[in-house]
Amino acid sequence: MKEYKTDTKCVQSGYSPKNGEPRILPIYQSTTFKYESSEQMGNLFDLKEPGYFYTRLQNPTNDMAAARICALEGGTAAMLTSSGQAANFFSLFNIAKAGDHIVSSSAIYGGTFNLLSVTMKKMGIETTFVHPDCSPDELRSAFRPNTKALFAETIANPALTVLDIEKFAGIAHENGVPLVVDNTFPTPINCRPFEFGADIVTHSTTKYMDGHAATVGGAIVDSGNFDWEAYADKFPGLTTPDDSYHGIVYTEKFGKAAFITKATSQIMRDLGSIQSPQNAFLLNLGLETLAVRMQRHCENALYIAKALEKDERISWVEYPGLESSKYYDLAKKYMPGGTCGVISFGVRGGRNAATVFMDSLKLAAIVTHVADVRTCVLHPASTTHRQLSDEQMKEGGISPDLIRLSVGIENKEDILEDIKQALDNV
Ligand SMILES: *Cc1c(COP(=O)(O)O)cnc(C)c1O
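Here the structure is a predicted model, which means the values were calculated and not measured.

Description of the packing of aromatic side chains
No. 1: Under the counting rule described, the total for this entry stands at 13 aromatic pairs.
No. 2: Judged by centre distance (5.8 Å) and plane angle (85 degrees), the ring pair of F226 and F235 falls under edge-to-face.
No. 3: Relative accessible area serves as the criterion here: at 1%, F235 is assigned to the buried category.
No. 4: Put simply, the rings of F226, W228, Y231, F235 and F259 pair up and form one aromatic cluster.
No. 5: Here K207 stacks its cationic end above the ring of Y109, 5.0 Å away from the centre of that ring.
No. 6: Taking NZ or CZ as reference, K412 lies 5.0 Å from the ring centre of Y303, over its face.

Quick word on helix α11 (residues 258-271)
No. 1: The end-to-end C-alpha distance of α11, which contains 14 residues, comes to 18 Å, matching closely the 20 Å that a straight helix rising 1.5 Å per residue would cover.
No. 2: In α11, a bend of some 30 degrees at T264 exceeds every other bend along the element.
No. 3: When we look at burial in α11, the residues that qualify are A258, F259, I260, T261, K262, A263, T264, S265, Q266, I267 and M268.
No. 4: On its buried side, α11 packs onto β1 (77-81), α4 (84-93), β6 (200-204), β7 (218-222), α9 (236-239) and α10 (250-254).
No. 5: Count one or two residues on from α11 and you reach G272, which has phi positive near 55 degrees.

Some thoughts on the domain arrangement of the protein chain
No. 1: Taken domain by domain, the protein chain comprises domain 1 (6-285) and domain 2 (291-424).
No. 2: Put simply, the middle of domain 1 and the middle of domain 2, counted by C-alpha atoms, are 29 Å apart.
No. 3: Summed over the shared surface of domain 1 and domain 2, the result is 2 salt bridges.
No. 4: Residue K326 is joined to D133 by a salt bridge in which the shortest nitrogen-to-oxygen separation is 3.2 Å.

Cut-off values and rules
Along each chain, residue indices are assigned from 1 in the same order as the chain's sequence is written. Only residues with pLDDT of at least 70 are given local features in this predicted model, and only at 80 or more are side-chain atom pairs given and counted; all residues enter the totals for whole chains, interfaces and linings. The basis for every side-chain value is the complete set of heavy atoms in the structure, and neither hydrogens nor water enter the calculation. When two rings of Phe, Tyr or Trp (its six-membered ring) have centres within 6.5 Å they constitute a pair, described as stacked for plane angles under 30 degrees, edge-to-face for angles over 60, and tilted for the intermediate range. We call a residue buried when its accessible area falls under 20% of the maximum for its residue type, exposed when it is over 50%, and partly exposed in between, using a 1.4 Å probe and counting protein chains only. Look at NZ for Lys and CZ for Arg. If either is within 6 Å of the ring centre and within 35 degrees of the ring normal, a charge sits over the ring. Numbering of helices and strands runs from the N terminus, with a helix taken as a DSSP run of H or I at least four residues long and a strand as a DSSP run of E at least two residues long. Multiplying 1.5 Å by the helix residue count minus one yields the expected span of that helix. Here the bend at a residue means the angle between the axes of two seven-residue stretches, the one that ends at it and the one that starts at it. Two residues form a contact once any of their heavy atoms are found within 4.5 Å. Where each domain starts and ends comes from a domain assignment, either automatic or drawn from a database. Salt-bridge detection follows one rule: a side-chain nitrogen of Lys or Arg within 4 Å of a carboxyl oxygen of Asp or Glu.

This is the structure we're talking about:
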């Protein structure tokens with residue numbers, strides 16, 4: 001089949017109806033699937049034949065939406081999960097168990113930071129955090145003999161650091177482990193981490209992929225490039241018999257699909273964080289317009305960021321698409337077509353000024369969300385981080401005046417006018 005360009009894949013990949021079938025992806029609203037004989041059903045349970053039997057493990061609507069994300073990332077296999085949190089957890093828990101260790105970038109989403117530093121720690125999996133801008137030697141020194149993965153975000157939420165993917169991939173591979181990256185903010189429209197050596201990509205599809213703030217969801221995509229058998233001792237879950245499937249060895253039986261097959265047939269089976277087919281349908285609709293929306297988000301965000309940079313009521317602006325950003329060169333290399341629609345900035349006057357500014361906005365809404373079609377803002381100091389003192393917030397890399405602005409796809413002049421009238425009130 002012809003290899004189409006990314007924006008064509010957004011519209012055409014994943015589902016190809018046969019003669020007389022529905023033109024758009026149908027919702028398989030069924031928990032279960034019918035077979036003619038118990039032997040056929042038995043073969044599915046033993047993973048001898050591919051097929052659907054129960055929607056806690058797999059559903060055709062989910063798989064076709066996942067296939068579209070897989071095509072966009074240039075991967076070999078993919079699956080959907082009920083949330084981005086589940087995607088990140090599954091991608092790591094699929095290869096790390098109690099007694100193992102993970103190295104992670106410290107500039108990551110707060111929920112993922114909690115997952116690693118609190119919940120997975122309780123499960124016996126320890127994480128060492130390193131700043132993504134650290135030197136190669138600092139990164140190397142974080143690894144231990146029991147390290148099973150290196151984790152980072154391509155553009156961090158909310159810090160907006162841009163990952164040097166090749167640096168991270170090279171050092172992961174020196175240590176015989178895969179690089180797992182959360183590519184939620186740039187999406188595969190702007191960044192394809194597999195082209196730079198990442199092995200596994202995760203997404204919170206809740207953000208730009210759905211794009212309309214309609215559904216919570218996640219996805220895991222495997223490049224198929226990591227050679228688990230070359231490090232068989234490190235990854236026994238993939239390279240030795242699985243007793244819960246009559247001794248199947250995933251790498252032997254499924255080759256490049258080993259990682260996703262294990263995550264589906266073992267972790268999803270046992271932990272059950274499947275996305276509902278209804279949500280997968282809505283996600284798939286969102287994916288159809290992802291390329292045009294990302295272009296518009298980036299165009300609008302750059303316009304707003306440049307205007308904020310010139311406004312003396314603003315104390316600082318961070319947007320990786322700005323030439324003044326410390327991450328501009330990395331962004332140009334890894335995401336030459338654009339970064340994302342999220343900007344962070346400070347209003348002169350600190351915490352109070354930021355609150356007045358936020359309350360004066362008319363078009364931009366105050367919500368705990370980012371990366372959808374509607375412009376929205378969040379002031380961590382008065383919401384998600386309100387229990388913390390200014391000092392504590394600074395230690396966590398968040399200044400009291402920080403405003404996270406997620407630029408939508410409205411007319412950019414309307415968005416800027418709203419920001420300016422709100423600044424007038426400060
Ligand atoms: C939102 C987010 C998550 C968590 O995803 P949910 O869908 O909310 O569970 C993970 N990583 C990043 C980068 C995010 O922005």
